[in-house]
Amino acid sequence: MADKMALIVFSNEIDKLIATFNLALGGASMGMDVILFFTFWGLELLKKDKSGDSYQKPNPSLEKMMAHPKFPSIDQMVKMCKEMGIKFIACTQSMEFMGLTKDDLLPVVDSVAGVATFLADAENAKINLLI
């Protein structure tokens, strides 16, 4: 049985999203099963219909770093996560609170589940983080 990493994605701040995806990709490259549980503002990234940006703008120094041709965009990081088998779960309670349905979300979402489902996965995870 592979080790497991469970990350709660609570924010749409770009520095936190970069950290989330770097950790997720690192864990997956080490053979871990990785689960990303998107809740509240983290759900902004998963919405099909985005009014404006799906994440908060970075500070100028981070923006300069992100402009480097070797630095992947958030969209590229999402694609890399999916290619590595990382699971994207959208929180049902947060979706209800925000007036979202599964149809409002991008196809990268593997499932819509509640806290109890996430906790059952996280209970057996070697690494659990809230970002």
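Here is a short report on the structure shown in this document. (Residues numbered from 1 in each chain as written. Predicted model: local features only at pLDDT ≥ 70, side-chain atom pairs only at ≥ 80, totals over all residues. Heavy atoms only, no water.)

**Comments concerning a nonpolar patch on the surface**
Then, in step 1: Residues F10, W41 and L130 make up a contiguous nonpolar surface patch of about 340 Å² in total accessible area.
Then, in step 2: With relative accessibility at 35%, the residue F10 sits in the partly exposed group. (Patch = residues over 30% accessible without salt bridge, like charges linked within 9 Å, V, L, I, M, F, W, Y side chains within 5 Å. Areas by Shrake-Rupley, 256 points an atom, 1.4 Å probe, with all protein chains shown as cover. Salt bridge = Lys/Arg side-chain N within 4 Å of Asp/Glu carboxyl O. Buried < 20%, exposed > 50% of the residue type's maximum accessible area, 1.4 Å probe, protein only.)

**As for the pattern of salt bridges**
Then, in step 1: Scanning all chains against the criterion turns up five salt bridges.
Then, in step 2: Residue K126 is joined to D3 by a salt bridge in which the shortest nitrogen-to-oxygen separation is 3.3 Å. Note that K126 is positioned in the loop between α5 (115–123) and β5 (127–130) and D3 in the segment before β1 (4–9), a separation of 123 residues in sequence.
Then, in step 3: By relative accessible area, which is 37% here, D3 ends up partly exposed. (Helix = DSSP H or I, 4+ residues; strand = E, 2+ residues; numbered from the N terminus.)

**Quick word on the environment of G26**
Then, in step 1: Assignment of secondary structure puts G26 in helix α1 (residues 14–29).
Then, in step 2: Residue G26 is classed as partly exposed on the basis of its relative accessible area, which comes to 26%.
Then, in step 3: C-alpha separation for the pair G26 and C81, spaced 55 residues apart in sequence, amounts to 9.9 Å.

**Here we look at the pairing of β1**
Then, in step 1: The element β1 is extensively covered by neighbouring structure, given that five of its six residues are classed as buried.
Then, in step 2: Note that the unit made of β1, α1 and strand β2 (residues 33–38) has a crossover that is right-handed.
Then, in step 3: Bridge count between β1 and β5: four bridges; the pairing is parallel. Note that in β5 the partner of M5 across the bridge is I127. (Right-handed = clockwise from strand over helix to strand, strands pointing away. Pairing = 2+ DSSP bridges.)

**Regarding the sheet that holds strand β4 (residues 111–113)**
Pairing between the strands of a sheet comes from backbone hydrogen bonds, and it takes one of two forms, parallel or antiparallel.
Then, in step 1: Strand order in this open sheet of five strands is β4-β3-β2-β1-β5, and the pairing throughout is parallel. Edge positions in the open sheet fall to β4 and β5, since each of these has one partner strand only. Between one strand axis and the next, the sheet turns by 20° as a mean value, whatever way the strands run.
Then, in step 2: Relative to strand β3 (residues 87–91), β2 runs parallel, the two sharing four bridges. Opposite I35, over in β3, you have K87 as the bridge partner.
Then, in step 3: Contacts from α1 reach β1, β2, β3 and β5, with the element oriented near 170° to β1. (Axes fitted to C-alpha atoms, helices over the stretch in contact; angles between N-to-C directions. Contact = heavy atoms within 4.5 Å.)

Everything listed here is a matter of coordinates, which is why it stays silent on function.
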